[in-house]
Amino acid sequence: MPTPRELVVRGTAVHLHVEGSGPPLLYLHGAGAGGRWLTFQEQLARHFTVYAPSHPGHGGSPAAEWIEHISDLAFHYLDLLDELGLERAHLVGASLGGWIAAEIATMASPRLRSLVLIDPVGIKVEGWIYPFLFSMELPELVPMIFQKPDAALALAPKDDSIDTLAELFRQNAALARVGWNPYLYNPLLARRLPRIAAPTLLCWGEHDRLVPLQCAEAWAKSIPGAQLVTFPESGHVPHLEEAEAVAAAVVDFCRRQDGTR
Amino acid sequence: MKFYYFHLMPYVMDHDEPSSWVTLSNRHYDPEIGHGLYHQYLDQLEYAEKLGWDGICVNEHHQNCYGTMPSPNVMAAMLVRRTSRAKIAILGNGLPLRENPLRIAEEIAMLDVVSRGRVISGFVRGIGAEYYSLGVNPTHSRERFYEAAELILRAWTETGPFPFDGKYYRYPFVNPWPRPLQKPHPPVWCPSQGSTETVEWAAKRRFPYLMVFTPVKRIAQIYGEYREACERHGYTASPYQLTVNLPIVVAENDAKAYAIARDNVLWVYNIGLRMKTPFYMPPGYLTEPSLRRVLANRPKPPTELTFEDLEEGGYIIVGSPATVRDKLRVFADELKAGIVCSGMNGGSHEKTLEMMELFAREVLPHFREDAHIDETAGVGR
């Protein structure tokens, strides 16, 4: 695991892992995965310089009171790209991170070499209401998110100390600030998706129970030219459940856009 | 000491579901039974005035069997015209839960005018579960509470119209008709469970602090913090700023009282307050220092409390009239609480009325030294 770096972006402290070499790739994690360096990132780092920040209030990044809307997070990461001096980068986001990535893409596609969304939340899909994770305890949460329960171990809290519980509470609060109501979507995002001009890959777990495949179709229809790849043994987090396969698909897609494949 | 009769208006039932709040299906609610219960409960509140209680209390909770009063102002409205002397304490309106809290300023002012100034207006955030039931973002709870309180207090005290431009609530014209009858406004109480921030906020404004269903040790601690905060703000707290809400069970002897309490009071804690952990503590509902304080000395969850815990911990007062008097003396003399709010449950409507009569006959008269004092004078505003 690379040594985490700390930097300050427009007054907001960011905790960030940087690893690998090659074209820059910004990876935005999902809720509960902040501060983790997992096989998926490891694989990407073989081909790209991976920048993996923790969202404010998640992982090692302190909470930021000014973040009240998902677009605040999108602007925060555009500021981070500036701070890092990255004119253009690949952008990969999972779940909550996918939502933020999609928001960024509607604002600033020219900054993106490519866009990869892994089971993103963020839009309202006709006929589907996201199950309310905030009311779930672990025995409900794990089968909701994971097709392979073993994969959940990668995100298990390290102990049940007050510090760890406070950190979980802080992460949930950071998510609730942007996603309690409307729950996990921005009503304005869906109609802005056609503005995305970056080459886009959608990765989806076929057994996702939080954001099922029917949602993938809505995303694929709205983003011009988007390609969809599904993963047969995964739930909501294929990059944890079939890490190697998802990483291979992402690497392949991004390298094509760079013309290095 | 002043006595207020408090009602939760529960829908008492047994069930195997994991939570009595938010998700307990309302298919369990039978409106025919509910009709009977509402009338019994309102009768009890009205009877409390007749028997000499100083005030009667209603409160707000949503989507549960613990308390079926989603709108306390509706209940207060029913009581206002059926009573003539008792204070009517609304404990309280969940300010952040309202999308339009100017409605609270209006409704309380209506009740205050109709009752000729008998209304006490509790301001609460609502417990965690309400944020699930009403979809309000719990991370906004504290800010919305403060902002709605400011709006309501200004709406009651400033000559309208004036604009209000808050972060959550915005109005081009704040100008409610009617204005409240009590001056400068109806007393405001803060029912709470002891968060540092609320203690400070209430003490600063001389708003009475009400501890609800809390063990007596913790009441003593929070009262101490509240008194200290009052001193810091340059005044000494009146006893009528220190209020407690706990169930009382009185019977002709201790053994009978204990038996009644086991049968009827335990339900409130073991079933009425059964809920999933997330409902207790929605994300962002507590500040991180308050959260750490809670985690550092985690009390037993209500569902695990035994009758002995309740009795020994001082969550409830149970006994013969003499025992109940002695236990109330602890609140009066040691904790120096000025007002006790309590509900009673004898097991049936008739037995509850009998218990109220016994209390009014054998307990109340022993605490009437301050009968001539208006507990709301100079307090709560």
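Everything that follows concerns the structure shown earlier in this document.
Since the model is a prediction, treat every value here as computed from it, not as a measurement.

**A look at the overall build of chain B**
When helices and strands are counted, chain B shows 14 helices and twelve strands. Computed over C-alpha atoms, the radius of gyration of chain B comes to 20 Å, within 12% of the 21 Å expected from 2.2 N^0.38 for 381 residues, which places it in the range of a compact globule. Along the longest, intermediate and shortest principal axes, the C-alpha atoms of chain B span 60 × 50 × 45 Å. Going through the 381 residues of chain B one by one, you find that 49% of them count as buried. For chain B, the share of sequence-separated contacts (at least 6 apart) that also reach a separation of at least 24 residues comes to 76%.

**Describing the overall build of chain A**
Within chain A, the regular secondary structure consists of eight helices and eight strands. Oriented by its inertia axes, the alpha-carbon framework of chain A measures out at about 50 × 40 × 35 Å. When burial is assessed residue by residue, chain A has 48% of its 261 residues classed as buried. Of the contacts formed within chain A by residues at least 6 apart in sequence, a portion of 75% connects residues at least 24 apart.

**Considering the nonpolar core**
Within the largest apolar cluster, 183 residues are counted, with the highest numbers of intra-cluster contacts made by Leu25, Ile100 and Val250 of chain A together with Tyr4, Ile56 and Val249 of chain B. Once residues within four sequence positions are removed from consideration, Val250 of chain A is found in contact with Leu44, Val92, Val116 and Leu201 of chain A.

**Brief notes about the packing of helix α1 (residues 31-51) of chain B against helix α14 (residues 349-362) of chain B**
All names here are of chain B. Packing of α1 against α14 brings their axes to within 11 Å, and their N-to-C directions diverge by 15°. With respect to each other, α1 and α14 are oriented roughly parallel. The chirality of how α1 crosses α14 is right-handed. Here Gln40, Gln44, Tyr47, Ala48 and Leu51 of α1 lie close against α14, whose contacting residues are His349, Thr352, Leu353, Met356, Glu357 and Ala360.

**Quick look at the sheet that holds strand β2 (residues 55-58) of chain B**
All names here are of chain B. Pairing in this closed barrel of eight strands is parallel, and the strands run β1-β2-β3-β4-β7-β8-β9-β12 around the ring. Averaged over neighbouring strand pairs, the angle between their axes works out to 25° when direction is ignored. Both strand β1 (residues 2-6) and β2 contribute to a ladder of three bridges, which runs parallel. Among the inter-strand pairings, Tyr5 is bridged to a residue of β2, identified as Ile56.

**Examining the pairing of strand β7 (residues 200-205) of chain A**
All names here are of chain A. Within β7, six of the six residues are buried, which leaves it mostly tucked inside the rest of the structure. Because side chains alternate across β7, one face comprises the buried residues Thr200, Leu202 and Trp204, and the other comprises Leu201, Cys203 and Gly205, equally buried. Alignment of strand β6 (residues 112-118) against β7, held across four bridges, turns out to be parallel. In the strand pairing of β7, Leu115 is matched with Thr200. When β7 meets strand β8 (residues 227-231), the two strands line up parallel, connected through five bridges. Note on β8: the bridge partner recorded for Leu202 is Leu228. For the handedness criterion, the β-α-β arrangement of β7, helix α6 (residues 213-222) and β8 is classed as right-handed.

**So, the interface of chain A and chain B**
With 15 residues of chain A at the interface, the matching set in chain B holds 17 residues. Of the residues that constitute the side of chain A that touches chain B, the class distribution is nine nonpolar, three polar and three charged.

**Some remarks on the environment of Ile223 of chain A**
Residues and elements named next belong to chain A. Here Ile223 shows up in the loop between α6 and β8. Looking at Ile223, the number of C-beta atoms within 10 Å reads 24, which means it is buried. Along the chain, Ile223 and Leu193 lie 30 residues apart, while their C-alpha atoms are 5.5 Å from each other. Contact partners of Ile223, with chain neighbours within four places excluded, come to Leu193, Ile196 and Thr200.

**Considering the environment of Lys217 of chain B**
If you trace the backbone, Lys217 of chain B turns up in helix α7 (residues 216-232). It is 7.5 Å that separates the C-alpha atoms of Lys217 of chain B and Gly313 of chain B, two residues lying 96 residues apart in sequence.

**Examining the sheet that holds strand β4 (residues 49-53) of chain A**
Residue and element names in this part refer to chain A. The strand order β1-β2-β4-β3-β5-β6-β7-β8 describes an open sheet built from eight strands, whose pairing is mixed. With partners counted over all chains shown, the strands left at the sheet margins are β1 (5-9) and β8, one partner each. On average, adjacent strands in this sheet sit at an angle of 25° to one another, irrespective of strand direction. Most of the contacts of helix α3 (residues 96-108) go to strand β5 (residues 89-94), to which it runs at about 140°, and overall it touches β3 (24-28), β5 and β6.

**Observations regarding the pairing of strand β9 (residues 242-245) of chain B**
Look at any regular strand and the pattern is simple: side chains alternate between the two faces of the sheet. All names here are of chain B. Burial along β9 is two-sided: the residues Leu242 and Val244 and Thr243 and Asn245 are all buried. Taken together, the four bridges between strand β8 (residues 209-212) and β9 define a ladder with parallel strand orientation. Following the sheet pairing, Tyr209 is matched in β9 by Leu242. Note: β9 against strand β12 (residues 339-342), three bridges, orientation parallel. Opposite Thr243, over in β12, you have Ile339 as the bridge partner.

**Details of α6 of chain A**
All names here are of chain A. Inspection of α6 places Cys215, Ala216 and Trp219 among the buried residues, and these make up the whole buried set. On an axial view of α6, the arc spanned by its buried residues comes to 105°, and they lie on one face. Opposite the buried face of α6, at more than 90 degrees from it, the exposed residues are Gln214 and Lys221.

**Structural notes on unusual backbone geometry**
Residues and elements named next belong to chain B. Following Gly160, the chain continues to Pro161 via a peptide bond in cis, the omega torsion being -5°. Here Pro161 lies in the loop between α5 (141-157) and β5 (162-165). In this chain, Lys183 is followed by Pro184 through a cis amide linkage whose omega measures 0°. Mapped onto the fold, Pro184 is located in the loop between β6 (170-174) and β7 (188-192). A positive phi angle, near 60°, is found at Arg206, a position not held by glycine. Positionally, Arg206 belongs in the loop between α6 (196-204) and β8.

Parameters at a glance
- Residues numbered from 1 in each chain as written.
- Chains lettered and ligands numbered in written order.
- Predicted model: local features only at pLDDT ≥ 70, side-chain atom pairs only at ≥ 80, totals over all residues.
- Helix = DSSP H or I, 4+ residues; strand = E, 2+ residues; numbered from the N terminus.
- Rg over C-alpha atoms; globule rule 2.2 N^0.38 Å.
- Buried ≥ 20, exposed ≤ 12 C-beta atoms within 10 Å, placed from the backbone.
- Contact = placed C-beta atoms within 7 Å.
- Core = buried A, V, L, I, M, F, W, Y, C linked by C-beta atoms within 7 Å.
- Axes fitted to C-alpha atoms, helices over the stretch in contact; angles between N-to-C directions.
- Parallel < 35°, antiparallel > 145°, perpendicular 65-115°, else oblique.
- Left-handed = near helix turned anticlockwise from the far one by under 90°.
- Pairing = 2+ DSSP bridges.
- Right-handed = clockwise from strand over helix to strand, strands pointing away.
- Nonpolar A, V, L, I, M, F, W, Y, C, P; charged D, E, K, R; others polar.
- Arc of directions from axis to C-beta.

Geometry only, nothing functional implied.
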